[in-house]
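Coordinate analysis (summary)
The chain contents come next:
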Number of protein chains: 2
Amino acid sequence: MTPGNHPIFRKVIPMKEGLVQDLQEIVGEDAVRDDPADLYVYGSDSSVHCALPWAIVRPGTVEEVQEILRYANSNGIPVVTRGAGSGMSGQAVPIQGGIILDMKRLNKILEISPENTYVRVQAGVVDDDLNRALKPYGFMYPPAPASSRIATIGGEIANNASGTRSVKYGATRDCVLGMKVVMADGSLVNLGSTTRVEASGYQVDRLMVGSEGTLGVIVEATMKIVPIPKYRCMGVACFNELEEAGDTISEIIASGTQPSVLELMDNVAITAVNTAIDLGLPDVEALLFIEADGNVKEAVDYEIERMKEIAEKYNAFGIDISYDAEKRTKLFKGRKKLFASLSRYKEGYSCTSLADDMAVPYSRMAEMARKIHDIADRNDVIMTAYGHCGSGCVHTKILMDPTRKEQWEGARNAVREIYEYVRSVGGTTSAEHGIGLSKAPAWKKEKQDSLEIIGAIKKALDPNNILNPGKLQDAPDDWLTATDLRYKAE
Amino acid sequence: MTPGNHPIFRKVIPMKEGLVQDLQEIVGEDAVRDDPADLYVYGSDSSVHCALPWAIVRPGTVEEVQEILRYANSNGIPVVTRGAGSGMSGQAVPIQGGIILDMKRLNKILEISPENTYVRVQAGVVDDDLNRALKPYGFMYPPAPASSRIATIGGEIANNASGTRSVKYGATRDCVLGMKVVMADGSLVNLGSTTRVEASGYQVDRLMVGSEGTLGVIVEATMKIVPIPKYRCMGVACFNELEEAGDTISEIIASGTQPSVLELMDNVAITAVNTAIDLGLPDVEALLFIEADGNVKEAVDYEIERMKEIAEKYNAFGIDISYDAEKRTKLFKGRKKLFASLSRYKEGYSCTSLADDMAVPYSRMAEMARKIHDIADRNDVIMTAYGHCGSGCVHTKILMDPTRKEQWEGARNAVREIYEYVRSVGGTTSAEHGIGLSKAPAWKKEKQDSLEIIGAIKKALDPNNILNPGKLQDAPDDWLTATDLRYKAE
């Protein structure tokens, strides 16, 4: 397929003549790509969606980002900012074509300030790289999303990522102190500050968190860092009833116990991991991973002991606990390898990132886990319940044969039913993976009374609608037909 | 003075005929006031500013708030939302006249959900009342601003308040989960959610935090609550050098020690308290209050011990530490009574809330404390350094003879110099008291490159500019002449 010929975006904005040459003048020849193989790779992220960009540009400086934005804004060219492309909802899929702004060259750690407990980084810095750099200082950047091996800090901010440690240390929004953002017109603005507290008017930096590239291009961020605790103790508990694991989660939180990790895996997840990498996880209805950390062993013991007591009250068995780093890594390996394993659950079935995450109030955790399986059964697909449940986050995926059209219809129904339930209990569409395209229909229902405000903010900050257009409030109402799919269904 | 005759607002918007009767039709006769005594009281907050409103209206329901906003929006009448009026920068002073919307009747605690770790309240609920209601559940709402006895949750959100416990538990922005807001046109919107994590698009609820009544009227909020720790241990340490107390603060934070309170009082503050209430605080250069809390005594001991070691390294002496609740209250009483005492520091001198708070990176704490006194000396006023320094917050006040015009000139210079320094070290204009009128000139310099964005957001959400007009980016460039002063200078 030639750039500019995609049926979706051709309707919207005609591709500008000489685009590639114009971009090359800004960033140099090597930093612009438009060969079909590259366009295809950059046309997808980790979602089910696919739509080809016109060109990919890889700026090496903030000034180049500004220049690209000025050019795109003058010419009405869509700009889709992309970190690692690990988003699961189509955030980085260029539904209206345009330029992919690949931020990975902007990957410098600019300042590590343990004495002020912050780090200042360019947007393309990878989470694990940041944590490796912080380790010698005895500090960590805590959210720890599962994609930390590849995810960039800019992408994490744009999606308000969270992860295994968010139950104790908060989500990305809780770590942002300030940032530099290139706005649609190419202007560079400083938002927030470097201080721990700030009450200096509108928290525009926080507005950028979760805006999924629709309000500006984050080029630099100042993030809170925390000391690495001296002690960590991890455990795993087995349950014969999924609801009992759910009730354990709710009660741990309500009791005021402070886990640093509190993760669920249901039987579908366990089976997938055992099939994929033969870990020999116990074939039970649910596993619950618990961890506590701190600088005083007695305090860590206390938190672990309380979690253990609560789990046992709900009939947990086979509880295995360790302070040893190697043993902890081994215990948690199944959870770490889960996402990659899910496609191995059943021959011919693929793991699709649909209804892939949500958040519910803690007291609904058990009900939610069961609901996922009921809805899957009813719609002839397979779903799994897992996730950072200690922070209210539930993950699922839809496992199905993506070559069969009726499976996609089942997926559509399942997604709708899942989010109807989530809304009915006061939950929210996304806990940490963002909205993009595939969650947009559910999200628009959840946020119906603030869509006008959201649209007004978007228009105020990006009047020509060049920044990741066609997403969030402007996304199509049916995710299934919103773009081509990455799968061929017949 | 008759409503509508004030020289400031008469220039701006002529007062509407029949305003009081129109409002009485909405909320009933008793809930509208326009007698001069009331107008005078509501023309000031805890700042130096004063400007009379046209009327005060006290809605009893959300629907009444909506109706008032619809009316005001149609008629171009300014609406200044007011909680307790404890704001120190003129946030609730109606610089363009209009209606004061007194939120204190909306004071219901709607839901306490320990199992989901949130509380849902109307905006007029007082902080201390909320904490009293949470106590039987074993929970607390943590920020703890000094004004918690009167401050409302709505006002705390609008100003992103923080306080003594923010060093460990965060500021208001870290506790907000969701809210209901009446927009300028009277529409009621739900923002955020009830869940601990949320990545569902623009975090518009967080944008409302710190917006000082200029974007909407917060009528209800869902806030995170945390369990009350079993153990609290407080201590106080004396220093002969202010800088040594500042260095102690920086090192405590950088070392990864976790205080639950870390507060500074300099000699001006100590003297003021001793003069006002004869507490017999030691007449030293600085006092540092430290506290640690937790569910395991060994862990609390550990944190306190580390703080003590660091303080001693910087020559602290007379360190007094206690787990006993009564003793703790006694130790901290001086800090609690500080604000009320400052006006007693010197006969004929008043305590004015000018340059009253700021935040700086931790490593600048010692330098900042000294800078405050240098600037005060140079400008012939008295200033004090104190505050929740563990969260980067520094408070000061300007003590002066407010009847002397040249003292106000000195204050103007001092305020300017303080904030020039704060900006030069990467600090921010306000840590927790907000911007209003008296910090607006400094804030506009700090945020100069995002003022356009801020203005665009304001215009998008309040196109008729009725919500607290003339504040933040629209505030006058000279706070001294922005309004009448609450003091008579000759």
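Fair warning: this is a prediction, and the values are worked out from it, not measured in the lab. (Residues numbered from 1 in each chain as written. Chains lettered and ligands numbered in written order. Predicted model: local features only at pLDDT ≥ 70, side-chain atom pairs only at ≥ 80, totals over all residues. Heavy atoms only, no water.)

All names here are of chain A. Taken as a whole and judged by the stated rule, the model has 8 aromatic pairs over all chains. With centroids separated by 5.6 Å and ring planes inclined at 50°, the aromatic side chains of tryptophan 408 and tyrosine 487 adopt a geometry described as tilted. Of this pair, tryptophan 408 sits in helix α15 (residues 405–424) while tyrosine 487 sits in the segment after β23 (484–485); the two residues are 79 residues apart in sequence, bridging distant segments of the chain. For the pair formed by tryptophan 408 and tyrosine 487, the shared burial category is buried. (Phe/Tyr/Trp six-rings, centres within 6.5 Å; stacked < 30°, edge-to-face > 60°. Helix = DSSP H or I, 4+ residues; strand = E, 2+ residues; numbered from the N terminus. Buried < 20%, exposed > 50% of the residue type's maximum accessible area, 1.4 Å probe, protein only.)

Right, let's talk about the pairing of strand β11 (residues 217–224) of chain B for a bit. Residue and element names in this part refer to chain B. Most of β11 is tucked away, with 8 of its 8 residues classed as buried. Sheet topology note: the strand β7 (residues 118–122)/β11 ladder contains 5 bridges and is antiparallel. Directly across from tyrosine 118, in β11, lies its bridge partner lysine 224. In this structure, strand β9 (residues 176–182) lies alongside β11, joined through 6 bridges in antiparallel fashion. Note on β11: the bridge partner recorded for valine 181 is isoleucine 218. (Pairing = 2+ DSSP bridges.)

Right, let's talk about the packing of helix α9 (residues 242–254) of chain B against helix α14 (residues 365–378) of chain B for a bit. Residue and element names in this part refer to chain B. Relative to each other, α9 and α14 sit at 150°, their axes nearing to 7 Å. Here α14 runs roughly antiparallel to α9, going by the angle between their axes. For the pair α9 and α14, the sense of crossing is right-handed. Touching Leu242, Glu243, Gly246, Asp247, Ile249 and Ser250 of α9 are Met365, Ala366, Ala369, Arg370 and His373, all from α14. The class makeup of the residues in the contact of α9 with α14 is 5 nonpolar, 3 polar and 3 charged. (Axes fitted to C-alpha atoms, helices over the stretch in contact; angles between N-to-C directions. Parallel < 35°, antiparallel > 145°, perpendicular 65-115°, else oblique. Left-handed = near helix turned anticlockwise from the far one by under 90°. Contact = heavy atoms within 4.5 Å. Nonpolar A, V, L, I, M, F, W, Y, C, P; charged D, E, K, R; others polar.)

Turning next to empty space enclosed by the protein. Taken as a whole and judged by the stated rule, the model has 7 cavities of 30 Å³ or more. By volume, the second largest cavity is sized at about 70 Å³. Lys447 of chain A together with Leu191, Gly192, Tyr202 and Val204 of chain B are the residues nearest the centre of the second largest cavity, which is lined by 14 residues in total. Among the elements of the structure, β10 (188–192) and α8 (204–208) of chain B are those that each provide at least two residues to the lining of the second largest cavity. Among the elements that line the lining of the second largest cavity, the one with the most residues is β10 of chain B, at 3 residues. The class makeup of the residues in the lining of the second largest cavity is 5 nonpolar, 6 polar and 3 charged. (1 Å grid on protein atoms, 1.4 Å probe; cavity = no way out; pocket = protein on both sides within 12 Å on 5 of 7 lines; lining within 4 Å. Points joined across faces, edges and corners; volume = space filled by probe spheres on them.)

Moving on, we get to the side chain of glutamate 263 of chain B. Residues and elements named next belong to chain B. Summarising the element assignment, glutamate 263 is placed in strand β14 (residues 261–266). Looking at glutamate 263, the relative accessible area reads 0%, which means it is buried. Only 2.7 Å separates the side chain of glutamate 263 from the side chain of arginine 335, close enough to count as a polar contact. One polar contact links glutamate 263 to histidine 388, side chain to side chain, over a distance of 2.5 Å. (Polar contact = N/O pair within 3.5 Å; in protein donor to acceptor, adjacent residues only side chain to side chain.)

All names here are of chain A. Split into domains, chain A comes out as domain 1 (3–102 + 464–489), domain 2 (109–227), domain 3 (231–341) and domain 4 (347–436). Here the C-alpha centroids of domain 2 and domain 3 sit 28 Å apart. Each partner contributes to the interface: domain 2 provides 6 residues, whereas domain 3 provides 11 residues. Both faces combined, the contact of domain 2 with domain 3 buries some 790 Å², and carbon together with sulfur accounts for 46% of it. When the area that domain 2 buries against domain 3 is broken down by residue, the three leading residues are Thr164, Arg165 and Lys168, summing to 61%. (Domains from an automatic or database assignment. Buried area = accessible area lost by both parts, 1.4 Å probe.)

This part takes up the pattern of salt bridges. Here the structure, examined in full by the defined rule, presents 60 salt bridges over all chains. For lysine 180 of chain B, the salt bridge identified is with glutamate 220 of chain B, shortest N-O distance 3.8 Å. Taken together, the positions of lysine 180 of chain B in strand β9 and glutamate 220 of chain B in strand β11 put the pair 40 residues apart, joining distant regions of the chain. In this structure lysine 180 of chain B comes out as partly exposed when scored by relative accessible area, which is 25%. Here aspartate 320 of chain B and lysine 327 of chain B are joined by a salt bridge, their closest N and O atoms 3.0 Å apart. A network of salt bridges, in which partner residues are shared, links Glu111, Arg120, Lys180 and Glu220 of chain A. (Salt bridge = Lys/Arg side-chain N within 4 Å of Asp/Glu carboxyl O.)

All names here are of chain B. Spatially, the 3 strands line up as an open sheet ordered β17-β22-β19, and their pairing is antiparallel. At either margin of the open sheet sits one strand with a lone partner, and together these are β17 (350–352) and β19 (382–383). The pairing of β19 with strand β22 (residues 398–400) spans 2 bridges and is classified as antiparallel. Among the inter-strand pairings, methionine 383 is bridged to a residue of β22, identified as isoleucine 398. Against the sheet, helix α15 (residues 405–424) touches β17, β19 and β22, its axis set at about 165° to β22.

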